[in-house]
Amino acid sequence: MKKIISIALVLVMTLACVSVFSACSKEEGVKLVEIKLTDEEYAFVCKKGNTALVESMNAFMAEIKENGEFDKYVAKYFEGEGTKVGYTVTTTDVQNTDSNLVVVTNCPFEPFEYIGGDGKIYGLDIEIAAAYAEKHDLELVIKNIGFDDIFTQVEAGYADIGMAGITISEGRAAIYDFTTPYYKASQMLIVSVDNEDFDGCKTKEDVDKKLASLKDKKIGYQIGTTGSMYINGDEDWGYTGFSNIEGKGYSTAQEAVTDLINGNIYAVIVDEAPANALVKAVNGQ
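Note on numbering: residues in each chain are counted from 1, in written sequence order. Where local features are concerned, this predicted model is filtered to residues with pLDDT of at least 70; where side-chain atom pairs are given and counted, the filter is 80 or more; whole-chain, interface and lining totals use all residues. Excluding hydrogens and water, the side-chain figures rest on all heavy atoms present in the structure.

### With respect to the overall build of the chain
Worth spelling out the cut-off: Note on conventions: DSSP H or I runs of at least 4 residues are helices, E runs of at least 2 residues are strands, and numbering of each starts at the N terminus. Note on exposure labels: buried denotes an accessible area under 20% of the residue type's maximum, exposed denotes more than 50%, and partly exposed covers the range between, all computed with a 1.4 Å probe on protein chains only. We call two residues in contact when some of their heavy atoms are within 4.5 Å. All accessible-area figures derive from a Shrake-Rupley calculation using a 1.4 Å probe, and residue coverage is judged against the displayed protein chains alone. Two residue types count as positive, namely Lys and Arg, and two as negative, namely Asp and Glu; His and chain ends fall outside the count. Charge placement uses NZ in Lys and CZ in Arg. For Asp and Glu, CG and CD serve respectively.
Each helix and strand counted, the chain has ten helices and 13 strands in total. In terms of principal-axis extent, the alpha carbons of the chain reach across some 90 × 40 × 35 Å. Out of the 285 residues belonging to the chain, those deemed buried represent 45%. Nonlocal contacts in the chain, meaning residues at least 24 apart in sequence, comprise 76% of its contacts between residues at least 6 apart. Counting every atom, the chain has about 14,900 Å² of accessible surface; 50% of that belongs to carbon and sulfur. Separation between the mean location of the 25 positive side-chain charges and that of the 45 negative ones in the chain comes to 9 Å.

Below is the structure:
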């Protein structure tokens, strides 16, 4: 009897050790599938017919690209060179007037806009907005709201301009006015660091083929963004989508990545620059 108990005890302890080893040996963290899935352009969005602001912003963007200021902003947020400047986010409803520039954005979407440890808002879009406001002697007012709400507030006239890494599309351009594009972007996948499914992929077609072969998988995205349309399909945007994949929407890509880390979803699709920032943040780089 004692011998049987001893054998059983050894077996239980062995299984426990194997279980602990398996848990400990599993790699933690996330990685980027470094293949561009889309070809997009970012621009700032204004109310349809607000030609004066669009032309003024276009002239300003041309000016800072010519004098090198735009490159300095890019260097700050993409290469870590220079001192980043944060601005206060309004917590109250501000009346849109001729003396202020009301900007609506959506955080976190680093490096374009994000909240720093001091509670202020930083990012490429934000520093452009601040420089424009200063040049035109306007008070800068920044609202951090939901991504879809950006379009609603701009259209209703509650804000002058939306600046949030916004992709131009024919459908959007029919409803809103856009400035000249200032940044080229692409959607990319973030997966867990031990996910080897895409390791052999070399092209977008390879990734699409792999996505189409998946079963019982969930992919997260930020609601209202190109990533959601890429996974779910959107005729206006030219995306057929993946009927075999269950898309799951989140308020921010950061929330989606957190769910990926917790093992609740298979992958996250998000714009390349924020994807890089999220991967570095998660992996402590």
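Next comes the rest of the description.
### Notes on the side chain of S228
As a reminder of what qualifies: A 3.5 Å cut-off defines polar contacts: any pair of N or O atoms within that distance qualifies, except that in protein one atom must be a possible hydrogen donor and the other a possible acceptor, and neighbouring residues in sequence count only when both atoms are side-chain atoms.
For S228, the location among the structural elements is in helix α8 (residues 226-232). Judged by its relative accessible area of 10%, S228 falls in the buried class. Within the local environment of S228, its side chain forms a polar contact with the backbone oxygen of T225, the two atoms lying 2.6 Å apart.

### Description of helix α7 (residues 204-213)
Every α-helix winds through 3.6 residues per turn, so residues three or four apart in the chain are directed the same way. Quick note on the threshold: Throughout, the arc means the angular range of directions from the helix axis out to the C-beta atoms.
Of the positions making up α7, those classed as buried are V207, D208 and L211. The arc that holds the buried residues of α7, viewed along the axis, is 100 degrees, so those residues lie on one side. Relative to its buried face, α7 has exposed residues pointing more than 90 degrees away, namely E205 and K209. Of the surrounding secondary structure, the elements contacted by the buried residues of α7 are β1 (30-33), β10 (187-192), β11 (217-222), α8 and β12 (245-250).

### Remarks on the packing of helix α2 (residues 51-67) against helix α4 (residues 124-135)
Here is the rule we go by: Under this scheme, a helix contributes an axis fitted over its contacting stretch, all axes are lines through C-alpha atoms, and angles between N-to-C directions fall in the 0 to 180 degree range. Orientation labels follow simple angle bins: below 35 degrees gives roughly parallel, above 145 gives roughly antiparallel, 65 to 115 gives roughly perpendicular, and whatever is left gives oblique. Three classes are used, and their members are as follows: Ala, Val, Leu, Ile, Met, Phe, Trp, Tyr, Cys and Pro are nonpolar, Asp, Glu, Lys and Arg are charged, and the others, Gly among them, are polar.
Following both chains from N to C, one finds α2 and α4 inclined at 105 degrees, their axes separated by 11 Å at the closest point. It follows from the interaxial angle that α2 and α4 lie roughly perpendicular. Only I128, A131, Y132 and K135 of α4 make contact with α2, whose side of the interface consists of L53, S56, M57, F60, M61, E63 and I64. Its residues placed into classes, the contact of α2 with α4 shows eight nonpolar, one polar and two charged.

### Here's the deal with the confidence of the model for the chain
Stated formally: pLDDT is defined as a per-residue confidence score from the predictor, taking values between 0 and 100.
For the chain, mean pLDDT is 90; residues scoring 70 or higher make up 91% of the total. Throughout residues 1-26 the model reports pLDDT below 50, and contacts reaching past four residues in sequence, or to other chains, amount to one contact.

### What to know about the nonpolar core
Rules: In plain words, nonpolar cores are sets of buried Ala, Val, Leu, Ile, Met, Phe, Trp, Tyr and Cys residues tied together by side-chain atoms within 4.5 Å.
Judged by nonpolar contacts, the single largest core of 29 residues is most densely connected at F44, F60, M61, L124, I128, I161 and Y182. Looking at this core, the elements that each hand over two or more residues are β2 (40-47), α2, α3 (69-79), β3 (100-105), α4 and β7 (161-167). Dropping the residues within four chain positions of it, Y182 is found in contact with Y42, A43, F44, M61, K65, F70, F112, L124, D125 and G165. Judged by nonpolar contacts, the second largest core, of 22 residues, contains F198, C201, M229 and A267.

### Brief notes about the sheet that holds β12
Going by this rule: When DSSP finds two or more bridges between a pair of strands, those strands are recorded as paired.
Strand order in the open sheet made by the five strands is β1-β10-β13-β11-β12, with mixed pairing throughout. Each having just a single partner strand, β1 and β12 make up the two edges of the open sheet. The mean angle between the axes of side-by-side strands here comes to 30 degrees, regardless of whether they run parallel or antiparallel. Two strands pair when backbone bridges link them, and β11 and β12 are joined in this way by six bridges, in the parallel orientation.

### Side note on the packing of α2 against α3
At a closest axis distance of 4 Å, the pairing of α2 and α3 adopts a crossing angle of 80 degrees. By the angle class used here, α2 and α3 are roughly perpendicular. Contact residues: M61, I64, K65 and N67 in α2; E69, F70 and Y73 in α3. When grouped by side-chain class, the residues that make up the contact of α2 with α3 number four nonpolar, one polar and two charged.

### Quick word on the pattern of salt bridges
The test is simple: Here, a salt bridge means any Lys or Arg side-chain nitrogen found within 4 Å of an Asp or Glu carboxyl oxygen.
Under the defined criterion, the tally for this structure stands at ten salt bridges. Between E41 and K184 there is a salt bridge; the shortest N-O distance is 3.1 Å. Here E41 is found in strand β2, whereas its partner K184 is found in strand β9 (residues 183-185), with 143 residues between them in sequence. On the basis of relative accessibility, which here comes to 33%, the residue E41 falls in the partly exposed class. E69 serves as the salt-bridge partner of K72, at 3.3 Å between the closest nitrogen and oxygen. Of this pair, K72 and E69 both sit in helix α3, three residues apart, which is roughly one turn of that helix. Given a relative accessible area of 27%, E69 falls into the partly exposed group.

### Side note on the pairing of β10
With five of six residues buried, β10 is to be regarded as a mostly interior element. Pairing of β1 with β10, which is carried by four bridges, proceeds in the antiparallel orientation. Looking at the pairing, V30 lines up with S192 of β10.

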